[in-house]
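# Structural features, examined
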Amino acid sequence: MRTLVLGLGNPILSDDGVGIRVVEAVAEAADEGADVQVETACVGGLRLMEQMIGWDRVILVDAMVSGEEPGTVRVTDPETFPTFHSSCSHDTSLREALELGRSTGMHLPSPQHLRCVAVEAADVHTFSERCTPEVESAIPRAVERVLGLLAVTEGEHATA
Amino acid sequence: MARISIDPITRLEGHGKIDIFLTDEGAVENAYLQIPELRGFERFCVDRPAEDMPNLTSRICGVCPEAHHICASKALDDLFGVDPPPAAKKLRELFYSIFFVTDHTTHFYALGGPDFVMGPDAPKAERNILGVIQKVGMEIAGKVLKMRKDGHDLIKLMGGRPVHPNWGLPGGVSRGITEEMRAEIEARGREAVEFGLFGLQLFNDIVLENSDYVDLIVSEGYTHRTYNMGTVDEQDRVNFYDGKIRVTAPDGTEHAKYDPRDYQEYIAEHVEPWSYLKFPYLKEVGWEGFIDGMDSGVYKATPLSRLNAAEGMATPKAQEAYEKMYETLGGKPVDHTLATHWARLVELLYSAERWVELAADEEITSDTFRVLPTETPAEGIGSVEAPRGTLTHHYRTDERGILTSVNLIVGTTNNYAAINMSIADAARAVIEPGEEVTEGLLNMVEMAFRAYDPCFGCATHTLPGQMPLEVRLRDRKGDVLERLERNL
């Protein structure tokens, strides 16, 4: 099963860059090879869907703003999560984009093979290349969650 | 004065909130769209090397990083007093043409097009690219995705990196193209021209053949007679990469034509007391408020404006499409906001033709794609046409090239006043005093500003594709009387 670990975010917008920080650490810890690749992106909607073409499984990592305690890490299903940091006013929502891609026969991960490790952000407004302390301290936990998802074997994957 | 707010839900202050103010009688007084400003980003850039700007500014937006990248490169040319060799300019313009086709494709089919192709009365669940495909066929989906993929692949090929190019330098670009790359680029360009023609035919069949849509396009509620701005070449034809900035008046005559370096002599900023927003306007004409006409300094910089501000297109098929548009809509200038979508398709075709022209140019594979700067930097201004309007980067540095100040005017900034006017007028046309305000009415207002494809700042966390909205009805004191919401 070919897996893409994709860190999302804008690296100059404080906590918005946490996805990129997490996957940089994942890249060091994980065994990259033909089956697993780690990349970063700063896109949403159609562009994000297009990045996923050709992969069997995708693990996104991104900042989230949902009212939780900053630094909270959780695994979400991007296709059902209501306000996902993957959309843009010039673009479609991720859900629409995935539907479009699948309907045109693109090879995309099935819904149960698409997950997002989301880190609750404290600040996504301020221009800064650093995360806030709460989010910074969440990075190792997020890395663990990603590595945990990667370790799940193909047969067990549907329940991850 | 009561107030209806269309308020996209986001916890981020300043992103795309619309307030509609009503008089005590319930008629629309005015409307205002809050768009985030870039002062925070401009401050962030200070004390950094100016040479970082092509990479830094491409982070402002995940949708048009190429526009910022190329504009920044031009600002650096000016800052370091260096003129890139002809091949460098052609390479940059080729890259830019590819980007324009890709971006306009996305806008028309995924964002603006759905409003049009599905119609404003279509249920919102269908007013998206999936609805468009349902209506016009699965074939479109394949074409759109292929166009985007080809465009993105070539941008990465030339620019060195997907999404955020790593290419522009003061004095040129960091690498050229081989004959093999050139042939690939030209082949994709010819396909892009076909795709451009296809889009215009589609527009003709779906929109122009439908009298209800045509009535909507030309309706007064969606019409604004303002000044128009765009960049033109030496023959006053549309050019996205370089030229002079030309402004035409509501009566179609030329008001001004200037070197982008002189923008501050022609454009001033008006500040509204109720917000931090600044509204650019034409200095010589003056600020008369949010009104149309020859005496009001309000101007627009949109695809339609660019066509209005020029005397034609520089490529043959686009020129035909340009002539057909003006013939159909009654001559120049065209002031119907919704015709912006048509203008976008004309521009798409032009960009594709220009792409082929430049790819076939004998200088395009030249090894001379950079000259080294030797001057001491102090101040630099660069300008391009971004898909959303004229984009200007203005840098000041110390003698080492470290930034001391940055001023960015993005495409949408030019259109602030006009966007508010379009929203107010659309609201006026559909909101009746005393009648209940329903969601359907608000769709019309949203359509009015969506034609401008306004930029909401950073693409990574703006609005989900379905534009969640909150409406707040307020009394004169600002207290909330009523609240409508959708997609929260």
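Definitions and limits used
- Residues numbered from 1 in each chain as written.
- Chains lettered and ligands numbered in written order.
- Predicted model: local features only at pLDDT ≥ 70, side-chain atom pairs only at ≥ 80, totals over all residues.
- Helix = DSSP H or I, 4+ residues; strand = E, 2+ residues; numbered from the N terminus.
- Buried ≥ 20, exposed ≤ 12 C-beta atoms within 10 Å, placed from the backbone.
- Contact = placed C-beta atoms within 7 Å.
- Pairing = 2+ DSSP bridges.
- Axes fitted to C-alpha atoms, helices over the stretch in contact; angles between N-to-C directions.
- pLDDT = per-residue confidence, 0-100.
- Parallel < 35°, antiparallel > 145°, perpendicular 65-115°, else oblique.
- Left-handed = near helix turned anticlockwise from the far one by under 90°.
- Nonpolar A, V, L, I, M, F, W, Y, C, P; charged D, E, K, R; others polar.
- Expected span 1.5 Å × (residues − 1).
- Right-handed = clockwise from strand over helix to strand, strands pointing away.
- Core = buried A, V, L, I, M, F, W, Y, C linked by C-beta atoms within 7 Å.

## Digging into the overall build of chain A
Counting its regular elements, chain A contains 4 helices and 5 strands. Classification of the 160 residues of chain A by burial places 51% in the buried group. Summarising the internal contacts of chain A: among those between residues at least 6 apart in sequence, 78% fall at separations of at least 24.

## A few points about the sheet that holds strand β8 (residues 254-258) of chain B
All names here are of chain B. Sheet architecture is open: 4 strands sit in the order β8-β7-β6-β11, paired in mixed fashion. The open sheet has two free edges, formed respectively by β8 and β11 (299-300), since each of these has just one partner strand. Pairing of strand β7 (residues 244-248) with β8, which is carried by 4 bridges, proceeds in the antiparallel orientation. Bridge pairing links R246 to K257 in β8.

## Side note on the sheet that holds strand β4 (residues 73-76) of chain A
All names here are of chain A. The sheet built from 5 strands is open, its strands ordered β2-β1-β3-β5-β4 with mixed pairing. In the strand order of this sheet, the two ends are held by β2 (36-41) and β4, each with one partner. Shown here is a sheet whose adjacent strand axes are inclined to one another by a mean of 20°, direction ignored. In this structure, strand β3 (residues 57-64) lies alongside strand β5 (residues 114-120), joined through 7 bridges in parallel fashion.

## Brief notes about the confidence of the model for chain B
Residue and element names in this part refer to chain B. Mean pLDDT over chain B works out to 84, with 84% of the residues at or above the 70 mark. Note that pLDDT drops below 50 for residues 4-16; the model gives that stretch 52 contacts with residues more than four away or on any other chain. Every residue in residues 458-469 is under pLDDT 50, and counting partners more than four places away or in other chains gives 62 contacts. Per the prediction output, this complex has pTM 0.88; the corresponding ipTM is 0.82.

## Observations concerning the environment of B:R190
Residue and element names in this part refer to chain B. Mapped onto the elements of the fold, R190 is located in helix α7 (residues 179-208). Judged by C-beta crowding, with 15 C-beta atoms within 10 Å, R190 ranks as partly exposed. Separated by 165 residues in sequence, R190 and W355 have C-alpha atoms that sit 8.5 Å apart.

## Description of the packing of α7(B) against helix α12 (residues 340-359) of chain B
Residues and elements named next belong to chain B. Interhelical geometry of α7 versus α12 gives an angle of 160° and a closest axis separation of 8 Å. Classified by the interaxial angle, the pair formed by α7 and α12 is roughly antiparallel. Along this stretch, α7 crosses α12, giving a crossing that reads as left-handed. A per-class count over the contact of α7 with α12 returns 15 nonpolar, 3 polar and 4 charged.

## As for helix α3 (residues 65-79) of chain B
With 15 residues, α3(B) extends 21 Å between its outermost C-alpha atoms, agreeing within 8% with the 21 Å of an ideal straight helix rising 1.5 Å per residue. Note on α3(B): the residue one or two positions beyond its end, B:G81, has a positive phi of about 60°.

## A look at the pairing of β3(A)
A regular strand places its side chains so that they alternate between the two faces of the sheet. Residue and element names in this part refer to chain A. Of all 8 residues that make up β3, 8 are buried, and the element is covered over most of its length. Here strand β1 (residues 3-8) runs beside β3; their pairing, made up of 5 bridges, is parallel. What sits directly across from L6, in β3, is L60.

## A few points about the packing of helix α5 (residues 129-136) of chain B against helix α6 (residues 138-159) of chain B
Residues and elements named next belong to chain B. It is the contact of α5 with α6, at a shortest axis distance of 6 Å, that shows an interaxial angle of 130°. One way to sum up the angle between α5 and α6 is to call them oblique. Where α5 abuts α6, its residues V132, I133 and V136 lie against M138, I140 and A141. Taken together, the residues of the contact of α5 with α6 break down into 6 nonpolar, no polar and no charged.

## Some remarks on the pairing of β1(A)
Taking burial as the measure, the 6 residues of β1(A) include 5 buried ones, the bulk of the element. Crossover β1(A) to β2(A) through helix α1 (residues 18-29) of chain A is right-handed.

## A closer look at the nonpolar core
For soluble globular proteins, nonpolar side chains are generally found buried alongside one another. Counting residues in hydrophobic clusters, the biggest one holds 183 residues, and the most contacted among them are A:V119, B:V346, B:I423 and B:A427. For this core, the leading source of residues is helix α4 (residues 86-118) of chain B, giving 15 residues. Ignoring anything within four residues of it in the chain, the contact list for A:V119 reads A:V18, A:A63, A:M64, A:V73, A:V135, A:A138 and A:A142.

## Focus: the environment of B:P303
Residues and elements named next belong to chain B. Relative to the helices and strands, P303 resides in helix α10 (residues 303-309). When the C-alpha positions of P303 and I185 are compared, they lie 25 Å apart, and in sequence the two are 118 residues distant. For P303, the residues in contact, after removing those within four places along its chain, are T340, A343, R344 and E347.

## Concerning α1(A)
Residues and elements named next belong to chain A. In a regular helix each residue adds 1.5 Å, so 12 residues correspond to 16 Å; α1 covers 17 Å between its end C-alpha atoms and thus fits that length. Every buried residue of α1 is listed here: V18, G19, I20, R21, V22, V23 and V26. Here the buried face of α1 lies against β1, β2, β3, β5 and α4 (133-151).

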